[in-house]
Amino acid sequence: MRIFQTIWLLVLILQCSSAFSNTTSNFQSAFMDDQLGTRAWALGGAYHTLVNDPTALIWNPAGLASLHKKHNFIVEQAEIMFLFSSSFIGYGYNISDQMSMGVGLMHTGDSVLKETICFLGIAKDGSLINSLWNYDLIKPEQISLGLTMKYYYASFGNNNDGGYWDFQGYNHQVFGSAHGFGLDTGLVIRLTERDRFS
């Protein structure tokens with residue numbers, strides 16, 4: 001019972017801190033969380049529970065526990081309406097039957113606005129939960145827990161045609177960069193082979 005209280009307290013603190021951080025700025029961050037993959041787009045929200053390749057770093061980190069091979073490698077590139085391109089390269093590794101990890105890099109945009117996201121994730125099956133209670137509550141293969149750490153970098157205004165020069169010789173082009181960090185958690189529950197929840 002004490003573990004549940006601790007988890008709920010941690011969730012409450014995280015929710016309060018995120019609510020506070022949203023009030024410190026007048027506008028949202030520029031980072032786009034592009035979600036690549038034709039399979040993922042076709043399945044919509046259902047892909048969060050079905051992901052079983054290194055794109056789990058983007059969609060649901062618990063999906064890393066479903067990697068089918070020892071080494072998993074993926075490269076994806078999408079061009080959206082000739083406006084911007086988005087690329088992802090990811091690698092997943094099965095450490096053991098109970099644990100997997102993954103790393104990835106996503107790049108979006110061009111010289112006007114570009115964003116890069118670095119991913120590092122880990123996932124474990126339900127044996128972690130059973131070890132906390134010292135007895136088998138669930139079958140380890142029925143649940144997966146995951147965690148992805150992200151580093152964001154964005155820059156804008158690095159194009160040559162974005163500014164203008166005034167009569168005194170000053171360039172009035174706006175440019176800059178931003179850094180950020182993120183932490184995603186994931187959960188997949190498999191009641192049967194066909195019924196999954198995340």
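This one's a predicted model, so the numbers in the text were calculated from it and none came from an experiment.

J.: Describe the overall build of the protein, with residues and values.
T.: A tally of helices and strands in the protein yields five helices and seven strands. Counting from the amino terminus, the protein carries its helices and strands in the arrangement α-α-α-α-β-β-β-β-α-β-β-β. Residues classed as buried in the protein amount to 32% of the 198 residues present. When the accessible area of the protein is evaluated, it comes to approximately 13100 Å², of which 62% is carbon and sulfur surface.

J.: Describe the side chain of Lys-124, with residues and values.
T.: Summarising the element assignment, Lys-124 is placed in strand β4 (residues 113-125). Of the side chains with opposite charge, Asp-125 lies nearest to the buried Lys-124, which makes no salt bridge, at 4.4 Å.

J.: Quick one: what's the story with the pattern of salt bridges, residue by residue and with numbers?
T.: On inspection of all chains with the given rule, the structure shows one salt bridge. Residue Lys-150 pairs with Asp-184 through a salt bridge whose shortest N-O separation is 2.7 Å. Here Asp-184 lies in strand β6 (residues 176-190) and Lys-150 lies in strand β5 (residues 143-156), a separation of 34 residues in the sequence. Relative accessible area serves as the criterion here: at 4%, Lys-150 is assigned to the buried category.

J.: Lay out the environment of Leu-57 with the relevant residues and their values.
T.: Along the chain, the position of Leu-57 falls in helix α4 (residues 56-59). Judged by relative accessible area, Leu-57 falls into the buried class, the value being 0%. When the C-alpha positions of Leu-57 and Ile-122 are compared, they lie 8.8 Å apart, and in sequence the two are 65 residues distant. In contact with Leu-57, other than residues within four places in its own chain, are Leu-64, Phe-88, Gly-102, Val-103, Gly-104, Phe-119, Leu-120, Gly-121, Thr-148 and Lys-150.

Rules behind the numbers
Residues numbered from 1 in each chain as written. Predicted model: local features only at pLDDT ≥ 70, side-chain atom pairs only at ≥ 80, totals over all residues. Heavy atoms only, no water. Helix = DSSP H or I, 4+ residues; strand = E, 2+ residues; numbered from the N terminus. Buried < 20%, exposed > 50% of the residue type's maximum accessible area, 1.4 Å probe, protein only. Areas by Shrake-Rupley, 256 points an atom, 1.4 Å probe, with all protein chains shown as cover. Lys, Arg positive; Asp, Glu negative; His and termini not counted. Salt bridge = Lys/Arg side-chain N within 4 Å of Asp/Glu carboxyl O. Contact = heavy atoms within 4.5 Å.

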